[in-house]
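As a plain string of letters, each chain reads:
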Amino acid sequence: MRPFQHPSRSGTILIIVASISALLATLALTFLVRMRADIAESRLFLAETQARVMLAGALNYIGETARIGWDDPLTPAHEEAYGWIDVRDGRPGPRDFTGKALFNADLDVRLGKGTKWPAIGSWTVCDARLWTLPPTATTAHVAPNPIPPEPAVPWRELINFPNQDPRPATSDYDQFVKGLQTQLPGTDNPCWFRIYRRRPAVFIISCGAGSTGGFRTWQEVVDAGKESYWGTQEFWAIQFQNEPVFWYEVEWNAAVNTASAGYIYSGDQSLVPTNISKTFGNGTDHPNKRNQMGTFLYLQRLEKEPDAW
């Protein structure tokens with residue numbers, strides 16, 4: 001005979017089970033939402049870290065292009081410059097040994113103003129996407145020629161080095177020299193830095209990590225002929241709004257050993273800063289210690305977006 005079961009007891013159990021199920025569903029949903037928020041915060045933290053790293057790249061770019069990087073492959077000479085402010089006469093640089101400007105200032109060559117980089121008032125952007133294969137890349141193999149644990153092996157075989165050290169990442173020589181410029185699969189948030197030349201030696205550095213490519217407006221994208229990369233202006237605008245960007249102002253200086261600008265006076269003799277190829281002393285030209293970069297007088301983080309960058 002089936003025992004009698006009160007109907008209210010069955011209803012109570014059903015309510016308890018339903019409540020526990022709802023509680024577990026709420027906890028699971030909360031956990032998923034929290035995981036999603038952690039992932040978003042991690043991606044933002046990674047993007048901000050990448051953007052800050054770009055500051056070092058921008059400073060090296062400014063320092064190096066003050067002197068080197070102007071070699072014209074069509075000429076036998078190896079052109080060098082004498083600083084963003086020429087240490088010889090104070091004119092806006094970079095200028096070569098003869099004083100000719102090594103840039104296309106389409107408005108005023110004498111004052112160094114123009115719209116084409118590196119004229120004053122112009123900008124350039126450097127995209128730091130990870131290449132599939134960088135130029136002249138080598139493998140991370142630390143021991144391409146390991147010594148075998150065999151005491152009987154002759155010494156000439158132990159130090160013969162049959163394998164290349166370091167070992168190239170590819171056996172294709174042309175590919176080894178040029179690399180593969182396609183973006184490495186699986187790498188998100190490509191980094192970039194943008195440099196605006198505000199005054200002869202003052203620059204605005206913008207650092208970011210995202211898919212805008214460092215372009216400030218959609219018109220710049222159109223002028224560069226890269227509309228197809230983003231497809232539509234609306235998609236590019238969404239990327240621009242969600243991209244972390246930091247702005248810095250820096251001033252380059254020709255001095256190497258100290259923060260003093262221009263010439264250093266010692267009694268009745270003026271000494272040229274040691275970052276130029278030759279100096280004049282005792283009536284003759286003689287080689288001098290070279291420095292390829294110069295220094296920076298200051299680096300200031302800007303609190304808000306500048307008017308021009």
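If you're wondering where the values come from, they're calculated on a predicted model, not measured in any experiment. Counting restarts for each chain, with residues numbered from 1 along the sequence as it is written. Per-residue local features are limited, in this predicted model, to residues with pLDDT of at least 70; the limit for side-chain atom pairs, both in listing and counting, is 80 or more; totals at the level of whole chains, interfaces and linings are taken over all residues. Side-chain metrics rest on all non-hydrogen atoms present in the structure, leaving aside hydrogens and water.

Chemist: Explain the overall build of the protein chain here, please?
Modeler: In DSSP terms, a helix is any run of H or I states spanning at least four residues, a strand is any run of E spanning at least two, and both are numbered starting from the N terminus. Regarding its fold elements, the protein chain presents six helices and eleven strands. Considering only contacts in the protein chain between residues 6 or more positions apart, those separated by 24 or more positions represent 60%. Per-residue and other accessible areas follow the Shrake-Rupley method at a 1.4 Å probe size, with only the shown protein chains counted as cover for residues. In the form shown here, the protein chain has an accessible surface area of approximately 20,200 Å², with 59% of it arising from carbon and sulfur atoms. Between two residues, a contact is recorded if the distance between any of their heavy atoms is within 4.5 Å.

Chemist: Can you walk me through the environment of Gly-99 in this structure?
Modeler: Counting through the fold element by element, Gly-99 comes out in the loop between α1 (7-65) and β1 (123-128). A sequence separation of 13 residues divides Gly-99 from Asp-86, and the C-alpha atoms of the two residues are 8.8 Å apart. Apart from residues no more than four positions distant in its own chain, Gly-99 is found in contact with Arg-88 and Arg-91.

Chemist: Mind showing me how you'd approach the confidence of the model for the protein chain here?
Modeler: In regions of low pLDDT, the predicted coordinates are not meant to be interpreted in detail. The pLDDT value expresses, per residue, how confident the predictor is, ranging between 0 and 100. Looking at the protein chain as a whole, the pLDDT averages 78, with 80% of positions reaching at least 70. Averaged pLDDT values for the elements of the protein chain fall to 44 in strand β7 (residues 264-266) and rise to 92 in strand β4 (residues 191-199). Scored below 50 in pLDDT, residues 258-281 shows 50 contacts in the model against residues more than four places distant or in partner chains. Throughout residues 284-290 the model reports pLDDT below 50, and contacts reaching past four residues in sequence, or to other chains, amount to 18 contacts.

Chemist: Teacher, can you tell me more about the sheet that holds strand β11 (residues 295-301) here?
Modeler: Within a beta sheet, neighbouring strands are joined by backbone hydrogen bonds and run either parallel or antiparallel to one another. Any two strands with at least two DSSP-identified bridges between them are counted as paired. In spatial order, the strands read β1-β4-β5-β6-β11; together these five strands make up an open sheet with antiparallel pairing. With one partner strand each, in any of the chains shown, β1 and β11 form the two edges of the open sheet. With strand direction ignored, the average angle separating the axes of adjacent strands in the sheet is 20°. Judged from the six bridges that link them, strand β6 (residues 245-253) and β11 form a sheet pairing that is antiparallel. The axes are straight lines fitted to the C-alpha atoms, using for helices just the contacting stretch, and the angles between their N-to-C directions are given from 0 to 180°.

Chemist: Help me understand a nonpolar patch on the surface in this model?
Modeler: Residues Ile-16, Ile-20, Leu-23, Leu-24 and Leu-27 make up a contiguous nonpolar surface patch of about 490 Å² in total accessible area. Here Ile-20 lies in helix α1. Exposure above 30% relative accessible area and the lack of any salt bridge qualify a residue for a patch; like charges then connect within 9 Å, and the nonpolar side chains Val, Leu, Ile, Met, Phe, Trp and Tyr within 5 Å. The rule for a salt bridge is simple: a side-chain nitrogen of Lys or Arg has to be within 4 Å of a carboxyl oxygen of Asp or Glu.

Chemist: How should I be thinking about the pattern of salt bridges in this particular structure?
Modeler: Pairing between side chains of opposite charge can happen when the charged atoms of each approach one another. For the structure shown, the criterion picks out six salt bridges. Here Asp-86 makes a salt bridge to Arg-88, at a shortest N to O gap of 2.7 Å. Given a relative accessible area of 2%, Asp-86 falls into the buried group. Owing to a relative accessible area of 29%, Arg-88 belongs among the partly exposed residues under this scheme. Where Asp-89 meets Arg-91, a salt bridge forms, and the shortest distance between an N and an O atom there is 3.0 Å. Burial classes: relative accessible area under 20% of the type maximum marks a residue as buried, over 50% as exposed, and values in between as partly exposed (1.4 Å probe, protein chains only).

Chemist: Help me out: how do you make sense of unusual backbone geometry in this one?
Modeler: Negative phi characterises most residues that are not glycine, and trans characterises most peptide bonds. Cis rather than trans, the peptide bond between Gly-93 and Pro-94 has omega equal to 5°. For Pro-94, the location among the structural elements is in the loop between α1 and β1. The amide bond that connects Trp-117 to the next residue, Pro-118, takes the cis arrangement and shows omega of 10°. Considering the arrangement of structural elements, one finds Pro-118 in the loop between α1 and β1. Unusually for a residue other than glycine, Thr-136 sits at a positive phi of about 50°. Here Thr-136 is to be found in the loop between β2 (131-133) and α2 (155-158).

Chemist: I tried to follow the packing of aromatic side chains on my own but got confused; where do I start?
Modeler: The description of an aromatic ring pair rests on the distance of the ring centres and on the angle between the ring planes. Ring geometry is summarised as follows: Phe, Tyr and Trp rings, the Trp one being its six-membered ring, pair when their centres sit within 6.5 Å, and such pairs are stacked at plane angles under 30 degrees, edge-to-face over 60 and tilted between the two. This model, assessed by the stated rule, comprises eight aromatic pairs. Measuring from centroid to centroid gives 6.4 Å for Tyr-61 and Trp-117, while their planes differ by 35°, and the two rings are tilted. Note that Tyr-61 is positioned in helix α1 and Trp-117 in the loop between α1 and β1, a separation of 56 residues in sequence. The interplanar angle of 70° and the centroid separation of 5.0 Å between the aromatic rings of Trp-84 and Phe-203 together place this pair among those described as edge-to-face.

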